[in-house]
Amino acid sequence: MFPSDPDVVVIGAGAAGIATARALAARGLSCVVLEAGSRIGGRAHACTTLGAVFDHGATWLHAAEQNALTPHAPDAVNHDRIRERHFWMGDAWATPAELAAFQRADNAYHAAVARAASGPDRAIADVIPHGGPWDATVAHWQGAQIQAMEVEHLSAHDIAANSPDGSNLLPREGVGGVIARLAQGLPIRLDARVESLDWSGPGIIAQGGFGTLRARAAIITVSTGVLAAGGIRFTPSLPATHAQAVHDLPLALLDKFAFRCPDRLGIAPFHSVRCRVTPARPRPLSFVFWPHEADHLFGFAGGTLAWELGGGDALIEHARGELRHIFGNPPLGAALATSWGRDPLFLGSYSQARVGAAGARAALAQPLANGRLMFAGEATHHGMAGMVSGAWAEGERAAQAIQPR
Ligand SMILES: Cc1cc2nc3c(=O)[nH]c(=O)nc-3n(C[C@H](O)[C@H](O)[C@H](O)COP(=O)(O)OP(=O)(O)OC[C@H]3O[C@@H](n4cnc5c(N)ncnc54)[C@H](O)[C@@H]3O)c2cc1C
């Protein structure tokens, strides 16, 4: 079923690995995708445990107008057009004037980040406005809740380079559903964790519990968190350029949770709720209600709070407490939550460049061994790093770079 001596061994069956395998097949090159987990999709994974689609990872197709996955998700809705954003002030919903004040502060944040794209790189926290009534809320929202890392640790150069404009689509089948559909028929071997990769000779030898696989070239799509933790042993070791790049692209953490709830709580389908940062609640969660009319709400915890909770039951309890604070005693039913930071196949949600190291993405993307060893994934993209679209584009790039026999 799988070619025994393929042109390429692809490591990981997330968005990048799947895009790689499709692009190689389109070129008439053979490959085997070795996936450590028992499912495909990686950080793009949808389930229906709660009776309707819930994406554990990627939720939106961002920057839809320039996203290569948009044509593959024809039933997606443009979330920006149908969602209203509610703001919980700690004791009441924000008034239109307060919402407008938040929007002005958010605009000022983006303008400051755009200005910081030139000149020496600095932490986002050092370039954005402080002290205004909404500045701490904007920093929490843009940092922990969107970039999955606090603004003190985010590189202004990297964030400015990877903040594409455009619509946010919410696919009916989930982003995970779109990616799974695109993987159909590909030579993906599950439960095949690559423990070591020997690139010392003319070919590549991948080894693990599955046995040994030889190929002409390897494309590695595992997260930089997995690489930094030594999840794959390289022989010879990676050169200093690539080892440094891995170190400079640590994984941030965003976890998600969802609750079934039979009561609409006065919030219309697709609408979202954010919370103002207050001294009593300095790291609030954010929520999306009844996506595609489903009977569940979902939400996010990012940054230090997500690491501290570790996802799972602790996150569910924390989220339950926040929902009670906002809605009184909502009739919450079955719940689930992710634990991306504790899963050894990921060790976080998506990469963020360290301050001063925005060039690490390009460094990691540099082919090794005359193009026989390449890294591709969300971490190596310039423009949509951290996103499923960036991972997809990088998979295609790496596949195109493989020399024909
Ligand atoms: C909570 C959350 C929310 C997100 N929201 C969005 C969003 O709304 N929009 C968006 O565009 N992006 C979002 N993202 C980011 C997006 O999901 C990722 O950027 C993208 O899916 C990464 O794809 P990848 O192929 O680079 O890596 P991965 O999906 O991590 O794929 C790598 C694969 O390698 C496998 N693997 C690991 N180690 C080994 C090994 N030793 N041997 C073999 N296989 C191995 C893993 O199991 C995995 O399947 C989100 C991510 C998370 C976690």
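Located above this text is the structure these notes cover.
Residues numbered from 1 in each chain as written. Predicted model: local features only at pLDDT ≥ 70, side-chain atom pairs only at ≥ 80, totals over all residues. Heavy atoms only, no water.

Draft legend 1. Quick look at the site of the ligand. Lining the immediate environment of the ligand, one finds 39 residues, of which Ala16, Glu35, Arg43, Trp60 and Val388 sit closest. Contact distances for the ligand include 3.0 Å between a nitrogen atom and a backbone N or O atom of Val194. Here Val388 contributes a backbone N or O atom positioned 2.9 Å from an oxygen atom of the ligand. Within the complex, the protein chains bury 98% of what would otherwise be the 1000 Å² of accessible surface of the ligand. Listing elements by their share of the shell around the ligand, those giving two or more residues are helix H1 (15-26), strand S15 (254-260) and helix H12 (388-401). (Near = heavy atom within 4 Å. Polar contact = N/O pair within 3.5 Å; in protein donor to acceptor, adjacent residues only side chain to side chain. Areas by Shrake-Rupley, 256 points an atom, 1.4 Å probe, with all protein chains shown as cover. Helix = DSSP H or I, 4+ residues; strand = E, 2+ residues; numbered from the N terminus.)

Draft legend 2. View of the packing of H1 against H12. Their axes nearest at 7 Å, the elements H1 and H12 cross at an angle of 35 degrees. Seen from above, H1 lies across H12 with right-handed handedness. Side by side, H1 and H12 meet where Ala15, Ala16, Ile18, Ala19, Thr20, Arg22, Ala23 and Leu24 of the first sit next to Val388, Ala391, Trp392, Gly395, Glu396, Ala399 and Gln400 of the second. Its residues placed into classes, the contact of H1 with H12 shows 10 nonpolar, 3 polar and 2 charged. (Axes fitted to C-alpha atoms, helices over the stretch in contact; angles between N-to-C directions. Left-handed = near helix turned anticlockwise from the far one by under 90°. Contact = heavy atoms within 4.5 Å. Nonpolar A, V, L, I, M, F, W, Y, C, P; charged D, E, K, R; others polar.)

Draft legend 3. View of helix H8 (residues 240-247). For H8, the set of buried residues is His242, Ala245 and Val246. End-on, the buried residues of H8 take up no more than an arc of 100 degrees, which puts them together on one face. For H8, the elements touching its buried residues are helix H7 (224-228), helix H11 (360-365) and strand S21 (373-375). (Buried < 20%, exposed > 50% of the residue type's maximum accessible area, 1.4 Å probe, protein only. Arc of directions from axis to C-beta.)

Draft legend 4. Examining empty space enclosed by the protein more closely. Taken as a whole and assessed by the stated rule, the structure comprises 4 cavities of 30 Å³ or more. Along its surface, the largest cavity is lined by 14 residues, and Thr221, Val222, Ala376, Gly377 and Ala379 are the ones closest to its centre. Considered class by class, the residues forming the lining of the largest cavity number 7 nonpolar, 5 polar and 2 charged. A volume near 50 Å³ is recorded for the second largest cavity. (1 Å grid on protein atoms, 1.4 Å probe; cavity = no way out; pocket = protein on both sides within 12 Å on 5 of 7 lines; lining within 4 Å. Points joined across faces, edges and corners; volume = space filled by probe spheres on them.)

Draft legend 5. Here's a closer look at the nonpolar core. Ranked by internal contacts, the top residues of the largest apolar core, which has 39 residues, are Tyr109, Ile124, Ile128, Trp134 and Val151. For this core, the secondary structure elements donating two or more residues are helix H3 (96-115), helix H4 (135-147), helix H5 (156-161), S15 and strand S18 (296-302). Not counting the four nearest positions on each side in its chain, Ile128 is found in contact with Tyr109, Ala112, Val113, Ala139 and Val151. In this structure, Ala15, Ala76, Val178 and Ile402 belong to the second largest nonpolar core, which totals 37 residues. (Core = buried A, V, L, I, M, F, W, Y, C linked by side-chain atoms within 4.5 Å.)

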